Amino acid sequence: MNENGALGGKPNNSMHLPARQSSPIRSSSTTDCPCSVEASRDQLLRQILHCSWKDLLCPHRRFVPKDRIRSSLTTDKVKTHLNLFLHDEKLSGALATEIAPEADLRCQCDKVTCTGKRVIFACLLRIGREDCIQFICQSTAELCDSKLPFDAEVLSLLPQEWELFQNAQWQTRCHYLTGLDANSANAIKLDEGAALPLKSKEVIVKDRIGSKPDDQDTIYSQGQVHLIEIHEDHHNLPITQKEKPNLFVLKTFRHPKDREIAEIDFSVELLANRQLPRHERIVPLLTAFEFGGHFYLVFPFADLGDLENLWKNTDVRVENARPHWYSTQWLIKECLGIAEALAQTHQRVLPPNAAERTIGGVSQLHADIKARNILCFQAGDSTAPAGGDGTFEIDEYSPLTKTYCPPERYLKEPVSPNYDVWCLGCLYLEFITWALMGYKGIEKFSDKRMWEHDGPNAPKSRSDTFFKEIQQPQRRWYDMAALRLNLPRTEKVSRSATSTQRYHIKASVTEVGSPLCVYLFVTKLIRMQHIKSLRASCLPHDEFQQVLEIIEGDMLKVEKSKRSTSSQITESLRKLVSQ
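In this text the structure is predicted, and so the values were computed from the model without any measurement. (Residues numbered from 1 in each chain as written. Predicted model: local features only at pLDDT ≥ 70, side-chain atom pairs only at ≥ 80, totals over all residues. Heavy atoms only, no water.)

1. Some points on the overall build of the chain
Link 1 in the chain: Secondary structure assignment for the chain yields 16 helices and 16 strands.
Link 2 in the chain: Within the chain, the proportion of its 579 residues that are buried is 49%.
Link 3 in the chain: About 29,200 Å² of surface is accessible on the chain, with carbon and sulfur atoms providing 50% of the total. (Helix = DSSP H or I, 4+ residues; strand = E, 2+ residues; numbered from the N terminus. Buried < 20%, exposed > 50% of the residue type's maximum accessible area, 1.4 Å probe, protein only. Areas by Shrake-Rupley, 256 points an atom, 1.4 Å probe, with all protein chains shown as cover.)

Spelled out as structure tokens, the structure:
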């Protein structure tokens, strides 16, 4: 062994290895039994095959995790096999140590994740050319498993043998998933010559491919979401839970006809997640990568499910059956935590380049706040979902829904952060409904909104939104009735149109149902029907009364200019918590 650690021969600065006309295995002496070499090879290959796992993304492929290949190709096993045709204990031992280093030793590349030359050796075993490993070890090119996949010029194999070696890599190699580079805005590109290290995969949200509700000419791909388990030896992603530390959520972007559409949707969501501020109540993006023509995002897994799941499975109305962690203060603190995360999201993000900061930042918009996107994480050893033992965090696993959408979405006007304030008000209203009336109360409230049709001239479509559309004949400028009502500008009017499009909160939410022109005029005189019933369900001085005042007076406003900002909502809830 020379001073550089290479075994025998002169240093070679090239990645090219000398061509071999024949294998030492084939040129063994007549006193050797080739059957012993074949038997040893078959035994090693069987052990590798038995510890391989099915590739969950490509069912026809298998892969060998790092811990399994280490146990299958130990130093002693490799040494025994090499000595069958090298007939040199010392050389076989030195080669085996470099091919399969012990647990306390690292590969020459000094990467913790590298298994030495085990994968290379396993691939050569599959094609019957393990003799090449001797010349790989002699090369100064520092070839090891971390350098895979090799190109065709690295190994001195015949074209057919090289093709077999590539196929063997597919059956052995496995990728190692890492976090995103903080200095790069691009996703990681993984080659297709290795599998993804997934131990399990379960569909959470199915693919939704179609037209956007407000743009029938634009086709989009809504990513499919899976709950996955990544092998513990094949990632360095942050662990968010103790019991099942390797569970994550995988969101896939793909389109059956146009890959470019999926790539655009992926890029938009990747950029939005990279620009999100760091906050304990915002679910972070862990990594993003491209693999096999599809695009993937990885998020932490919420071990306690989402807020909607909590509503369905927990009834806090009966005191004896009420969980120990629940209280009115708990609910308000969780509302405050969500509002704080939203307010942080709405802050302007400045460009990283100081020279470009004069342009101003961009305010982020979530645009899909709902119970299924409020995830519950366990913290510490407690099973409580929140209140110091866990947290609700905002994310966007599930597809876009229009239940909480505000009126301006259908006016096709530019949206602002006040869009999210309306959605948050709807969420808070259902949160308090669950606390006072249970999940059945939420369902009944939704049914009332669903069966309330829009105006007589509006499209007949059932929806559980918190407002409805009213279309009335367009008034002329000299219509004195309209002037007397002094209507605010919450309508979208076209000069060529024969009708005016207006929106107002549904009668199932309000105490009195009325046309928009009357409703907007007397909006200060009426109170919301559902909120009125909630007020009757709690004590006069209960903290819920004050939260309902915030929802009614600052959040659920048809005119977006009259809604409070997320920062103002946060401050109001913070004062309520500190009382």
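Still more ground to cover, so stick around.
2. So, the pairing of strand E7 (residues 224-230)
Link 1 in the chain: Counting buried positions over the seven residues of E7 gives six, a clear majority of the element.
Link 2 in the chain: Judged from the six bridges that link them, E7 and strand E8 (residues 247-253) form a sheet pairing that is antiparallel. Note that in E8 the partner of Val-225 across the bridge is Lys-251. (Pairing = 2+ DSSP bridges.)

3. Considering the packing of aromatic side chains
Link 1 in the chain: Summed over all chains, the structure comprises eleven aromatic pairs.
Link 2 in the chain: Geometrically, the ring pair formed by Trp-311 and Phe-431 is tilted, given 5.8 Å between the ring centres and 55 degrees between the ring planes. Of this pair, Trp-311 sits in helix H9 (residues 307-313) while Phe-431 is found in helix H11 (residues 418-450), placing the two residues 120 residues apart along the sequence.
Link 3 in the chain: On the accessibility criterion, Trp-311 (2% relative accessible area) is buried. (Phe/Tyr/Trp six-rings, centres within 6.5 Å; stacked < 30°, edge-to-face > 60°.)

4. Some words on the environment of Asp-420
Link 1 in the chain: For Asp-420, the location among the structural elements is in helix H11.
Link 2 in the chain: You can call Asp-420 buried: its relative accessible area is 0%.
Link 3 in the chain: Residues Asp-420 and Leu-342 lie 78 residues apart in sequence; the distance between their C-alpha atoms is 8.1 Å.
Link 4 in the chain: Setting aside chain neighbours within four positions, we find Asp-420 in contact with Leu-342, His-346, Leu-365, His-366, Ala-367, Asp-368 and Ile-369. (Contact = heavy atoms within 4.5 Å.)

5. Thoughts on the confidence of the model for the chain
Link 1 in the chain: Counting all residues, the mean pLDDT for the chain is 75, and 70% of those residues have values of 70 or more.
Link 2 in the chain: In this model residues 474-501 is a low-confidence stretch, pLDDT under 50, and it forms 41 contacts with partners more than four residues away in sequence or in other chains.
Link 3 in the chain: The model gives residues 511-527 a pLDDT under 50, and that stretch makes 28 contacts with residues more than four places away or in other chains. (pLDDT = per-residue confidence, 0-100.)

6. Structural notes on the pairing of strand E9 (residues 287-291)
Link 1 in the chain: In terms of residue burial, E9 counts as a mostly covered element, since five of its five residues are buried.
Link 2 in the chain: In E9, alternate side chains face the same way, and those of Thr-287, Phe-289 and Phe-291 on one face and Ala-288 and Glu-290 on the other are all buried.
Link 3 in the chain: With two bridges connecting them, strand E3 (residues 188-189) and E9 associate as parallel partners. Opposite Lys-189, over in E9, you have Glu-290 as the bridge partner.
Link 4 in the chain: Of the strand pairs in this sheet, E9 and strand E10 (residues 294-300) are connected by five bridges, and their pairing is antiparallel. Within E10, the position partnered with Ala-288 by the bridge is Leu-297.
Link 5 in the chain: Between E9 and E10, which follow one another and run antiparallel, lie two residues, and Gly-292 among them has a positive phi close to 60 degrees.

7. Let's talk about the packing of helix H10 (residues 328-346) against helix H15 (residues 543-555)
Link 1 in the chain: Viewed as axis vectors pointing N to C, H10 and H15 meet at an angle of 25 degrees, and their least axial separation amounts to 10 Å. On the basis of their axis angle, the class for H10 and H15 is roughly parallel. When you trace H10 past H15, the crossing you get is left-handed. Contact residues: H10 offers Thr-328, Gln-329, Leu-331 and Ile-332, while H15 offers Glu-543, Phe-544 and Val-547.
Link 2 in the chain: Residues that form the contact of H10 with H15 fall into these classes: four nonpolar, two polar and one charged. (Axes fitted to C-alpha atoms, helices over the stretch in contact; angles between N-to-C directions. Parallel < 35°, antiparallel > 145°, perpendicular 65-115°, else oblique. Left-handed = near helix turned anticlockwise from the far one by under 90°. Nonpolar A, V, L, I, M, F, W, Y, C, P; charged D, E, K, R; others polar.)

8. Description of the pattern of salt bridges
Where charged atoms from two side chains of opposite charge approach closely, those side chains can pair.
Link 1 in the chain: As enumerated under the stated definition, the model contains 21 salt bridges in all.
Link 2 in the chain: Notably, a salt bridge pairs Glu-559 with Lys-562, separated by 3.3 Å at the nearest N-O pair.
Link 3 in the chain: Exposure remark for Glu-559: the relative accessible area of 16% places this residue in the buried category.
Link 4 in the chain: Put simply, Glu-38, Arg-41 and Glu-130 are held in one network by salt bridges that share partners. (Salt bridge = Lys/Arg side-chain N within 4 Å of Asp/Glu carboxyl O.)

9. Examining the side chain of Glu-130
Link 1 in the chain: Residue placement: Glu-130 occurs in the loop between helix H5 (118-126) and helix H6 (132-138).
Link 2 in the chain: Polar side-chain contacts of Glu-130 include one of 3.1 Å to the side chain of Arg-41. (Polar contact = N/O pair within 3.5 Å; in protein donor to acceptor, adjacent residues only side chain to side chain.)

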